[in-house]
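The chain contents come next:
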Amino acid sequence: MSAKTKRIISWALATLQLSPNEENGEVSDALTATVARDSSYLGLTASERSDVRSELSACKDENSENKIPTFSRREVADHCCSQSCWMVIDNKVYDVTRFLRSHPGGEDIMLEHGGHDATSAFFDKGHSRDAFNMLAEYCIGEVTKADWIVEKNCT
Ligand code: HEM
């Protein structure tokens, strides 16, 4: 068992307030579910990220036959202030202007990434599943294919 898995298990055991006896027994369904739900707090590996990403339904535009608006990175770069703040996460474009003040991590850190690609910053911070789920609300389109950055999962 890797050190990271041990950390996740012990954190989940503490969260579920299980006794040491249960700790030695079979990992319960509840524990497995908790680990799956909250492992994002501890930072995800590249392959775990791609699992989470494929689950996310960000940017589905059901009313327009999936014709999602596209923006170049140049266009995104123009929206870098509190009046209009866009960022790119995973080649999707997010208008986070109305979220700036309520972002739990503060407005300044959002503005630092305004107009830029915030993929690494967003994932490296280890945002919760709730944060991932919020993304869909702010998605306004995609980066034009020519400007895509594709993460390599192989080492
Ligand atoms: C659309 C983009 C974003 C959304 C929806 C979002 C959402 C959230 C949410 C819901 C939290 C509360 C904790 C959690 O649930 O994980 C949080 C905390 C935080 N976020 Fe973001 N975030 C976004 C972008 C960013 C970016 C680009 C950064 C840059 C590093 C960032 C840094 C942080 C930090 C430092 C916290 C601090 C509190 C903590 O340590 O948990 N966030 N964010």
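- As annotated in an unreviewed UniProt entry, the chain is Cytochrome b5 from Biomphalaria pfeifferi.
- Per UniProt, the chain has the following entry under Sequence similarities (unreviewed entry): "Belongs to the cytochrome b5 family."

Re the state of the cysteines
In a disulfide, the sulfur atoms of two cysteines are covalently bonded to one another.
Point 1. Going through the model one piece at a time under the given rule, you end up with zero disulfides.
Point 2. C81 takes part in no disulfide bond, and the closest cysteine sulfur to it belongs to C80, at a distance of 5.6 Å.
Point 3. By relative accessible area, which is 30% here, C81 ends up partly exposed.

Examining the sheet that holds strand β4 (residues 92-95)
Point 1. Taken in spatial order, the five strands make up an open sheet running β1-β5-β4-β3-β2, and their pairing is mixed. Here the strands that pair on one side only, and so sit at the sheet edges, are β1 (70-71) and β2 (80-81).
Point 2. Note that β1 and strand β5 (residues 139-143) share two bridges and pair parallel. Looking across to β5, one finds that F71 is bridged to V143.
Point 3. Lying on the sheet, helix α8 (residues 129-138) is in contact with β3 (84-89), β4 and β5; it crosses β5 at an angle near 90°.

The rules behind the values
Residues numbered from 1 in each chain as written. Predicted model: local features only at pLDDT ≥ 70, side-chain atom pairs only at ≥ 80, totals over all residues. Heavy atoms only, no water. UniProt positions renumbered as here; feature names shortened; annotations may be inferred. Disulfide = S-S within 2.5 Å. Buried < 20%, exposed > 50% of the residue type's maximum accessible area, 1.4 Å probe, protein only. Pairing = 2+ DSSP bridges. Helix = DSSP H or I, 4+ residues; strand = E, 2+ residues; numbered from the N terminus. Contact = heavy atoms within 4.5 Å. Axes fitted to C-alpha atoms, helices over the stretch in contact; angles between N-to-C directions.

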